[in-house]
Amino acid sequence: MLGRAWISAAVDGAGGLDMTTDTDKLLRDILASRGVTGDAEVQRFLNPTIKEYMPDPSVLQDMDTAARLIADAIVTGDRIAIYGDYDVDGITSTAIFVKYLRGLGADVIWHLPTREGEGYGLNVAAVEEIAAQGAKLLVTVDCGISGAVEVARARDLGMRVVVTDHHSPDAVLPAADAVVNPKRTDDTSGLSYLAGVGVAFLTLVALNRELKARDVTPAMRTALDNINLMEYMDLVALGTICDTMQLIGLNRAFVATGLRVMDLRQNLGLRVLMDIAGIKKSSVYAAGFAIGPRLNAAGRLDSAAPALELLLTDNPLIAQDLAARLHQMNQERIDIQNAVMIQASDMAQAAASAGQYSLFVCGDNWHGGIMGIIAGRLKDKYNLPACVATRCDGTINGSGRSIPGVDLGRIIHDALAAGVVQEGGGHAAAAGFTLAADREGDFREFLEQGVRAQCGGCVPVPEIVVDAELDAAGANRGLVQKLAALEPFGQGNPEPMLALRGAIVKSAVTMGRGAHLRGMVTTRAGGHLAFVGFNLVGTPVGDFLLDDAHTNTTITMLGRLKENEYNGRVLIQFMLEDIVVQ
């Protein structure tokens, strides 16, 4: 009813059984459609552990050199500077590195660039300031791969440089002493799906091993024995989730383990922030939609420093103050975002109506910290790669979000090589860029042609993948619990999308200031199933369900099945995405 194609994920031979009575086969078929087959591989997927998935960090190019250089600096007492980024991935990457070095008593300082003042990645002024503070080693986390000029400047100033990053590199790597990045063309690790925090964590594993193999002082040996890298897994999971990395392989183990560590609430700042956000149990959803936005809010509106300080502090009073500030900043971000979204939506509608393959909207003096969020909303609404930018003082700064099949990061890198943008970088799903205002038309055209080329000349058709089709009577608590074995859900391993046949409409009303739906259907077996539909009011689905004339109509519902705890009772609820009238 919403105009999207429902695409079956079933592999050959799957889907021939009544899934209402055989949930084990349902699980196997979903896994098979995701490329997980064979008893051993299925068990490995269903029980993701660090031990099972952890590689030798040395498989990453330059890793051994990086570990040796950092270990040398620690042992000789040199000042080490950790240079991160202002998003959650960069903040958590910086946090685990600083925590580790502080735990060893190393001389460490850190720097997070400001989004508005410095922009993404290394900048010469910051490098010079770090050198002036006496740093002898510069370690980048979640950035640096495109900082050839800045790395060269750091080395001119007498600093050794270790780059750890996960963004796509330029044709020529920066001339650092070590460059650890699984996206290097000569890297054969197969870990290109890692977030920046994942690369940083593997670097710490290699560093820890290097130090333990050395003849260090008794005090250093004691410090090494007291450090448990697994205690950092909550931050590794948080950065991985918030950077929307694929939850496959090692990432799956990172997140599954990290969520369990998060529930232990050992990180004081994270615990206080979770309390303020009302999070009782950690989950991918809580990390991505409650914790992440609050940590991100600082970097979006001003400086990411308070978010990092929150993750590093051991002082309860400081933690309470910082968490409250982040909570308030997030609300300010939401208010600004809603105002800009109205303007951006009007511009995007005109572009989408013109049959374009991509969206580029730009406004005067929009807040730069929310460009990525708006781009993501427009991408979801129109199923097109979307770039949103702000124009100020002759310069355009923006962010983009992409759809499956279109590598936006590659397009931005190509635009940088072609001189269309002055700065830019990113990965397949997200990217950022800066260009002169007089090149706006050139960028718009470059983006459109780049997307067209990757799409093969075919306009992307909105699609939604259906993992299984079953009778609505099979939507019960047993099925929810069976599907939970596939967690954690996220990019690369989405929560199963179910098509429920034979649902009979009984009621529907609006909720949430009139934007959302809730209601009830019955099944042909006489059971009842509650449903919720977010942002469906005003759509064909909302109009249909709210019309009393359609009571007792039989439909097929598309969505996800969840448990909902309310007043001590656990209820089954269907999160509605779309419908078909049978």
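From a predicted model like this one, the values you see are computed outputs, not experimental measurements.

> Just checking my understanding: could you explain the sheet that holds strand 9 (residues 395-401) for this structure?
Strands in a sheet are paired, the pairing made by backbone hydrogen bonds, and the direction either parallel or antiparallel. Pairing within the open sheet is mixed, and its 5 strands lie in the order 7-8-9-11-10. A strand with exactly one partner marks an edge of an open sheet, and here the two such strands are strand 7 (359-364) and strand 10 (423-426). Adjacent strand axes in the sheet meet at a mean angle of 15° when their direction is disregarded. Where strand 10 and strand 11 (residues 430-436) come together, 4 bridges link them in antiparallel fashion. Looking at the pairing, Gly425 lines up with Gly432 of strand 11. Lying over the sheet, helix 17 (residues 408-417) contacts strand 8 (386-392), strand 9, strand 10 and strand 11, oriented at roughly 155° with respect to strand 10.

> Looking at this model, I keep getting lost on the side chain of Asn123. Mind explaining?
With respect to the helices, strands and loops of the structure, Asn123 is situated in the loop between strand 3 (108-111) and helix 6 (124-132). At a separation of 3.0 Å, a polar atom in the side chain of Asn123 contacts the side chain of Tyr83. Apart from the residues within four sequence positions on either side, Asn123 is in contact with Tyr83, Glu118 and Glu150.

> Help me understand the nonpolar core in this model?
Within soluble globular proteins, side chains that are nonpolar generally end up buried alongside one another. Ranked by size, the top nonpolar core spans 93 residues in total, and within it Ile74, Tyr100 and Leu295 carry the most contacts. Beyond its immediate chain neighbours, meaning those up to four positions away, Tyr100 contacts Leu204, Leu207, Asn208, Leu211, Leu224, Ile227, Leu229 and Tyr232. Counting residues in hydrophobic clusters, the runner-up holds 36 residues, among them Leu479, Ala508, Leu536 and Phe544.

> I'm lost on the sheet that holds strand 2 (residues 79-83) in this one. Help?
As summarised here, the arrangement of the 5 strands in space is 3-2-4-5-6, forming an open sheet in which the pairing is parallel. This sheet does not close on itself; its edge strands, each paired only once, are strand 3 and strand 6 (178-180). Between one strand axis and the next, the sheet turns through 15° on average, direction left out of account. Together, strand 2, strand 3 and strand 4 (135-141) form the strand contacts of helix 6, whose direction differs from that of strand 4 by roughly 140°.

> Even after reading the chapter, I still don't get the packing of aromatic side chains, so can you show me in this structure?
Ring pairs (aromatic) are described by centroid distance and by the angle formed between their planes. Under the defined criterion, the tally for this structure stands at 5 aromatic pairs. With centroids separated by 5.2 Å and ring planes inclined at 70°, the aromatic side chains of Phe360 and Phe443 adopt a geometry described as edge-to-face. Taken together, the residues span a long stretch of sequence, with Phe360 in strand 7 and Phe443 in helix 18 (residues 440-455) at a distance of 83 residues. Assessed through its relative accessible area of 4%, Phe360 is described here as buried. On the accessibility criterion, Phe443 (1% relative accessible area) is buried. By the ring-pair criterion, three or more aromatic residues cluster together here, those being Phe360, Phe433 and Phe443. It is Arg44 that lies over the ring of Tyr53; its NZ or CZ is 4.0 Å from the centre. Lying over the aromatic face of Phe45, Arg252 brings its terminal NZ or CZ to 3.7 Å of the ring centre.

> Where do I start with helix 15 (residues 316-353) in this structure?
What sets the pattern is the α-helix's 3.6 residues per turn: residues three or four places apart point alike. With 38 residues, helix 15 extends 53 Å between its outermost C-alpha atoms, agreeing within 8% with the 56 Å of an ideal straight helix rising 1.5 Å per residue. Put simply, Asn315 is the residue that caps the front of helix 15, since its side-chain oxygen is 2.9 Å from the backbone nitrogen of Leu317. Looking one or two residues past helix 15, Gly355 carries a phi angle of roughly 80°, positive in sign.

> What am I meant to see in the side chain of Asp89 here?
For Asp89, the position within the fold is in helix 5 (residues 88-103). Although Asp89 lies buried, it forms no salt bridge, and the closest oppositely charged side chain, Lys183, sits 9.0 Å away as judged by the N-O distance. There is a polar contact of 2.9 Å between the side chain of Asp89 and the backbone nitrogen of Gly196.

> Sorry if this is basic, but what is going on with unusual backbone geometry here?
Comment: phi is negative for the bulk of residues other than glycine, and the bulk of peptide bonds are trans. Of the consecutive residues Glu487 and Pro488, the connecting peptide bond is found in the cis state with omega at 0°. In this structure, Pro488 sits in the loop between helix 19 (477-483) and strand 14 (498-511). In this structure, Asp62 takes a positive phi of about 75° despite not being glycine. Examined against the element boundaries, Asp62 turns out to sit in the loop between helix 3 (50-53) and helix 4 (63-76). Phi angles above zero are rare outside glycine, and Asn383 is one such case at about 55°.

> Would you mind showing me how to read the pattern of salt bridges here?
Oppositely charged side chains can form a pair if their charged atoms are brought close together. Inspection of every chain in the model, using the stated rule, returns 27 salt bridges. For the salt bridge of Arg34 with Asp467, the shortest nitrogen-to-oxygen distance reads 3.2 Å. Within this pair, whereas Arg34 is found in the loop between helix 1 (23-33) and helix 2 (39-46), its partner Asp467 is found in the loop between strand 12 (463-466) and strand 13 (468-471), the two being separated by 433 residues in sequence. Among the residues examined, Asp467 registers a relative accessible area of 11% and is labelled buried.

The rules we used
- Residues numbered from 1 in each chain as written.
- Predicted model: local features only at pLDDT ≥ 70, side-chain atom pairs only at ≥ 80, totals over all residues.
- Heavy atoms only, no water.
- Pairing = 2+ DSSP bridges.
- Helix = DSSP H or I, 4+ residues; strand = E, 2+ residues; numbered from the N terminus.
- Axes fitted to C-alpha atoms, helices over the stretch in contact; angles between N-to-C directions.
- Contact = heavy atoms within 4.5 Å.
- Polar contact = N/O pair within 3.5 Å; in protein donor to acceptor, adjacent residues only side chain to side chain.
- Core = buried A, V, L, I, M, F, W, Y, C linked by side-chain atoms within 4.5 Å.
- Buried < 20%, exposed > 50% of the residue type's maximum accessible area, 1.4 Å probe, protein only.
- Phe/Tyr/Trp six-rings, centres within 6.5 Å; stacked < 30°, edge-to-face > 60°.
- Lys NZ or Arg CZ within 6 Å of the ring centre and 35° of its normal.
- Expected span 1.5 Å × (residues − 1).
- Lys, Arg positive; Asp, Glu negative; His and termini not counted.
- Salt bridge = Lys/Arg side-chain N within 4 Å of Asp/Glu carboxyl O.

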